[in-house]
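# Examining the three-dimensional arrangement
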Amino acid sequence: MDRLMKRILPTSVAVGTGLLVLLGYLLPVPPLPSVRDELIRWAVIVAAFAFILGFFNLLRVHSGRARKPGGIYSVILILTALTSLALTLAALLIPSLRFIGDWWFRSVLSPLQATVAGLVAFVLAVAAFRLLRHRREAGVLVFMVAALIVLLGTLPLPTPAGNWLVSLRTWWINVPAMAGMRGLLIGVGLGALLVGLRVLIGSDRPYSD
Amino acid sequence: MTADMIGLMVGTLLTLLVLSYILGDNPLYRLALHLLVGATVGYGVAVTTVTVLQTVLPSLQSDSPDRVRVLIPILLGILLLFKGFPRWSAWGNFSTALLVGVGAAVAVSGTLMGTIIPQTAAVGSLNDWLRGGSAGLINGLIGMIGTVGALLAFAFAAPRQPTLQRLWKGSVGVGGQIGRLFLLAAFGAAFGLALTASLTVLVGRVYAVVMGIQQIITATGMGGG
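Keep in mind the model is a prediction, meaning the values are calculated, not measured. (Residues numbered from 1 in each chain as written. Chains lettered and ligands numbered in written order. Predicted model: local features only at pLDDT ≥ 70, side-chain atom pairs only at ≥ 80, totals over all residues.)

## A look at the overall build of chain A
- A count of helical and extended segments in chain A gives seven helices and zero strands.
- Of the regular secondary structure in chain A, the N- to C-terminal order runs α-α-α-α-α-α-α.
- Computed over its C-alpha atoms, the radius of gyration of chain A comes to 25 Å, more than 25% above the 17 Å expected for a compact globule of 209 residues.
- Looking at chain A as a whole, 30% of its 209 residues are labelled buried.
- In chain A, the proportion of contacts linking residues at least 24 apart, taken out of those at least 6 apart, comes to 23%. (Helix = DSSP H or I, 4+ residues; strand = E, 2+ residues; numbered from the N terminus. Rg over C-alpha atoms; globule rule 2.2 N^0.38 Å. Buried ≥ 20, exposed ≤ 12 C-beta atoms within 10 Å, placed from the backbone. Contact = placed C-beta atoms within 7 Å.)

As structure tokens, this is what we get:
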């Protein structure tokens with residue numbers, strides 16, 4: 001019974017639904033596409049429940065940490081999460097309270113997210129500096145030359161040097177950088193294909209605990 | 001004091017808290033990060049819940065066969081919540097299996113039709129390259145060598161037979177070395193583009209802080225004028 005619940009039935013569900021969806025994409029013959037769309041719709045609804053489960057798990061983990069040293073951050077996180085949830089739900093469900101959600105988004109979420117995104121510039125600059133200090137080899141030189149070409153090509157420099165740099169930047173991004181990125185993308189794609197196929201034939205079972 | 005002014009103050013303060021990271025990891029930055037995680041998660045859960053409710057509720061209220069079709073994923077979703085309780089977590093395996101199965105199928109078809117086939121086709125053929133003259137031919141060749149080389153850079157297995165091993169090192173090994181240079185060229189370009197984009201955002205935030213402080217001073221009359 002335990003084996004049936006933990007292994008056989010979940011594997012049948014995963015393989016069955018996965019093959020139906022894959023067939024829906026590869027053989028667009030009725031009724032396969034509509035079955036595919038329906039299963040994807042189900043997965044989207046279940047994924048929403050997974051998001052809610054993740055939210056409660058976050059609250060549980062941080063309520064456990066709240067009693068430990070440095071737990072004040074966890075308390076703040078829980079309070080912010082609940083406030084954000086309540087304000088956004090109120091704004092989305094009650095039209096007259098929409099301004100509260102807008103205020104929260106404009107004054108709290110947007111500045112925090114934009115500033116953290118901006119901080120990436122600082123982190124990247126520090127990382128480049130450390131890379132130059134600790135690893136002096138040919139590969140690092142190619143990396144830095146590529147970064148410099150892209151950065152200098154972005155600057156509004158006067159002609160003719162400015163035009164030449166812009167052309168060099170465009171060529172670099174479209175030819176050698178694109179070639180490397182394309183190889184990487186195809187490699188990642190092949191890896192994802194292999195992992196997906198292993199799940200679809202039931203060889204990998206990440207859902208059985 | 002208006003809600004807009006309070007919002008401006010809060011936004012400016014939060015920006016300064018995050019920017020305090022420039023001085024090193026500190027409690028103010030950690031506070032801002034926890035605020036960010038909490039606010040983002042709460043917002044995300046609220047938006048997801050309302051979106052799903054708006055999709056599901058009309059079908060549930062109607063008498064159409066849609067009702068049964070919506071009840072199945074809701075039931076699976078409720079079963080998934082059992083994952084939160086170790087004793088009952090096996091009941092959630094069906095929902096996870098559906099997510100993994102459908103996800104794997106979408107990933108397989110997506111990578112095949114959205115990445116592998118289009119990206120391989122984008123390398124182009126000799127005819128495509130010759131259409132661009134000698135420059136097109138050179139660029140096409142560089143593109144092909146770079147793409148194949150980058151793929152070979154991830155070939156870590158090698159044959160056991162000594163003769164084949166030498167042949168492998170001479171072909172795949174050298175191809176991989178060239179590919180590594182193309183990968184570094186790509187990473188360098190991605191680094192430069194990411195730096196440019198994040199610098200633009202950072203300048204925007206710093207400008208917003210300066211303008212915010214100016215407006216707060218003007219509104220509260222702290223300027224002494």
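## Observations concerning the interface of chain B and chain A
- Between chain B and chain A, the contact holds 101 residues from the first and 100 residues from the second.
- Of all the secondary-structure elements, those providing two or more residues to the side of chain B that touches chain A are helix 1 (3-19), helix 2 (27-61), helix 3 (66-81), helix 4 (93-122), helix 6 (133-152) and helix 7 (162-220) of chain B.
- Considering each element in turn, the side of chain B that touches chain A owes the most residues, 24 residues, to helix 4 of chain B.
- Classifying every residue of the side of chain B that touches chain A gives 62 nonpolar, 34 polar and five charged. (Nonpolar A, V, L, I, M, F, W, Y, C, P; charged D, E, K, R; others polar.)

## Comments concerning the environment of Arg180(B)
Residues and elements named next belong to chain B.
- Mapping Arg180 onto the fold places it in helix 7.
- The partly exposed category is assigned to Arg180, around which 19 C-beta atoms lie within 10 Å.
- Along the chain, Arg180 and Lys83 lie 97 residues apart, while their C-alpha atoms are 43 Å from each other.

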